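# Residue-level structure breakdown
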Amino acid sequence: MTIYNTLSRRIERFETIEPGVVRMYVCGVTVYDSAHVGHGMSAIVFDVIRRYLEYRGYRVRHAQNFTDIDDKIIDRANREGIAPDDLTARMIADWHAELGRLNILPATVYPRATEEIGPIVAMIEGLIAKGHAYPVAGDVYFRVRAFPGYGKLSHRDLDDLLSGARIEVDERKEDPLDFALWKAAKPGEPSWPSPWSAGRPGWHIECSAMCTTHLGGLVDIHGGGADLIFPHHENEIAQSEAFLGRQPFARYWVHNGLLRLGGEKMSKSLGNFVRLREILDRDLGAAFRLMVLQSHYRAPLTYTEEGLLGAERGLDRLRAAAGEAAAPDGAAATDDAAGDSADLPALAAETERRFHAAMSDDFDTPGAVAALFALGRAINRARAERRPPGTIEPARRTLIALAGVLGLPLAIDETTGAGDAAPFIELLVGVRDELRAAKQWALSDRIRDGLAERGITLEDGATGSTWSRRKA
RNA sequence: GGCGCCAUAGCCAAGCGGUAAGGCACGGGUUUGCAAAACCCUGAUCGACGGUUCGAAUCCGUCUGGCGCCUCCA
């Protein structure tokens, strides 16, 4: 297996610190607002990485944090007139519910900044003792120039950073680049005791502390969105390696490309985001996952409604192949011998080979998905040619299994979203089946058109009609 | 201003020196009472200009156009 490392800018061979075990830390979210589809994309990327590693036999210890104290949380809670704790508790509950609906496997641990104050304070004390940090009026700052490797992840040197000149100069800091490890609380803000002040941790230190507490201070994969490379992950490396006195602190730095909307990065601060809940409520979570997987995880992806619905259409074809449905009524004539649909077992084996070749090569999910479509088409074709189910079954199982590795559920749940209407729809469909048997076309078409207007699609097969709710 | 990424058919998107995956849409067909679904067929020489090479979408240079980071951000 190979994996791209942001640190070396190379695709490297994947080797874990401990054989058979992968320690993976993925930076989570600051819980001041509900998740948008960009968060969903990142979650999907690391979910698939994890699923594939587990499929390959690794035991994956996966930690994902919640930043549950910071300025935006305090502001938001104040505006809503509630306690920060209540806001973050609600957001975290929503996060778990929504990501669950996206079919994201739960992480092994979900550490939270406010529950790690002890280790955070201890780490800051250690950094001060080693001369890597200094307290100033209740705050504590990291001494960037005392850490020689600073900039190695984002590949820039200190002078480049300074020339950016957009760093607001805080006179209390020794150097403009120094960043906060601990911030003294202002009146009315939540705070925790520390040797320097009643205050709260800076953003970056929590991840360093959590990696140390929950993953032994040395992780195989450290990931997040590409927007975290600088300064967040750069600072994490500085803190952790300065504190631990050894390097590397993480073997592979993995960053997903960002989701774009309207030509720009989707982000909460730009205000151009689509909430994850919106697509989940339309039952398009699996379609979104497929859309994400059809582009490489490191490349940026443009989010469009068209793309999402297109993915849903593609998913339908895979679902048709994965279903146990009998052959469609008419045997479609095939006028050439281009595809060896009779040789499904060989194609299934070939698909499996292609799938693993792609996934082992820096998680090339587009290639893996392409292999799945090839197999799906062959299965549908075999059905159209009325091949015996027994010859199709193994290929079908392969398709479902491989799709499962990507977290794509192919099981059909046709009544999803129909709610209380289902019994009435079924009654109508049953009546219509009888009308069709009696060749009462006008009436049966009227029922079909009427249901279509109400978002229910009918499909007439050899053994009767099936119905499903149209997604839009 | 600095660092970096990208530009492939109508749209999305793979490709990592050997002659262009896949998905969606469009069109033609098979099937169907008519549909739907499914299946078959159909489309690109890879932003522009140079260079390296037997051979380049893939390597190098210049240009043009996007984007990201340098401040909170998955």
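Here we summarise the structure given alongside this text.

What counts, and at which threshold
- Counting starts from 1 at the beginning of each chain's written sequence and moves along it residue by residue.
- Just so you know, chain letters begin at A and ligand numbers begin at 1, following the order they were written in.
- Residue-level local features of this predicted model are given only where pLDDT is at least 70; pairs of side-chain atoms are given and counted only at 80 or more, and the full residue set underlies all totals for whole chains, interfaces and linings.
- Calculation of side-chain values draws on the structure's entire complement of heavy atoms; hydrogens and water are dropped beforehand.
- Secondary structure follows DSSP: runs of H or I at least 4 residues long count as helices, runs of E at least 2 residues long count as strands, and numbering of each begins at the N terminus.
- Each residue is placed in one exposure class: buried if its accessible area under a 1.4 Å probe, protein chains only, is under 20% of its type's maximum, exposed if it is over 50%, and partly exposed if it falls in between.
- Residues are treated as being in contact if the distance between any of their heavy atoms lies within 4.5 Å.
- What sets the accessible areas is the Shrake-Rupley method with a 1.4 Å probe; for residues, cover comes only from the shown protein chains.
- Only four residue types enter the tally: Lys and Arg on the positive side, Asp and Glu on the negative side, with His and both chain ends excluded.
- Taken as the charge location is NZ of Lys, CZ of Arg, CG of Asp or CD of Glu.
- A pair of strands is labelled paired if DSSP reports no fewer than 2 bridges between them.
- Multiply 1.5 Å by the residue count of a helix minus one, and that product is the helix's expected span.
- Geometry is summarised by axes, namely lines fitted to C-alpha atoms with helices restricted to the contacting stretch, and by angles between N-to-C directions that run from 0 to 180 degrees.
- Think of a polar contact as two N or O atoms within 3.5 Å of one another; within protein, one of them needs to be a possible hydrogen donor and the other a possible acceptor, and neighboring residues in sequence only count if both atoms come from side chains.

## Section: the overall build of chain A
Scanning chain A from N- to C-terminus turns up 15 helices and 15 strands. For the C-alpha atoms alone, the extent of chain A along its principal axes is close to 90 × 50 × 35 Å. The buried share of chain A, taken over its 472 residues, is 49%. Contacts in chain A between residues far apart in sequence, at least 24 positions, make up 76% of those at least 6 positions apart. Taken as a whole, chain A presents about 21,500 Å² of accessible surface, with 52% of it coming from carbon and sulfur. Here chain A contributes 57 positively and 67 negatively charged side chains, and the mean placements of these two sets differ by 2 Å.

## Some thoughts on the sheet that holds strand β13 (residues 301-302)
Strand order in this open sheet of three strands is β12-β11-β13, and the pairing throughout is mixed. Both outer strands of the open sheet, β12 (264-265) and β13, are each paired with one neighbouring strand and no more. Where strand β11 (residues 259-261) lies against β12, two bridges are found, and the strand directions are antiparallel. Paired with Leu261 across the strands is Glu264, a residue of β12.

## Some details on helix α4 (residues 117-129)
The terminal C-alpha atoms of α4, which comprises 13 residues, lie 18 Å apart, in line with the 18 Å expected from a rise of 1.5 Å per residue. Among all positions in α4, only Ile117, Ile120, Val121, Met123, Ile124, Gly126 and Leu127 are buried. Turning to α4, the residues buried within the fold contact β5 (133-136), β6 (139-142), β7 (179-184), β8 (199-201), α6 (203-215) and α7 (229-244). Two residues or fewer after α4 comes Gly131, characterised by a positive phi angle close to 80°.

## Some details on the pairing of strand β14 (residues 456-461)
Remember that side chains alternate between the two faces of the sheet whenever the strand is regular. Note: β14 against strand β15 (residues 464-469), six bridges, orientation antiparallel. Each residue of the ladder has a partner; that of Leu458, found in β15, is Trp467.

## Thoughts on the sheet that holds β6
Strand order in the open sheet formed by four strands is β5-β6-β7-β8, with antiparallel pairing between adjacent strands. Of all strands in the sheet, those bounded by a partner on one side alone are β5 and β8. Sheet twist, expressed as the mean angle between neighbouring strand axes with direction ignored, is 20°. Examined bridge by bridge, β7 and β8 share three bridges and lie antiparallel to one another. Following the sheet pairing, Trp182 is matched in β8 by Pro201. Where α4 meets the sheet, its contacts fall on β5, β6, β7 and β8, and the angle it forms with β7 comes to roughly 125°.

## Quick look at the side chain of His255
Within the fold, His255 resides in strand β10 (residues 250-256). A polar side-chain atom of His255 sits 2.8 Å from a polar atom in the side chain of Thr6. Of note is the side chain of His255, whose polar atom sits 2.8 Å from the side chain of His233. When neighbours within four sequence positions are excluded, His255 is seen to be in contact with Thr6, Leu153, Gly224, Gly225, Ala226, Ile229, His233, Tyr297 and Arg298.

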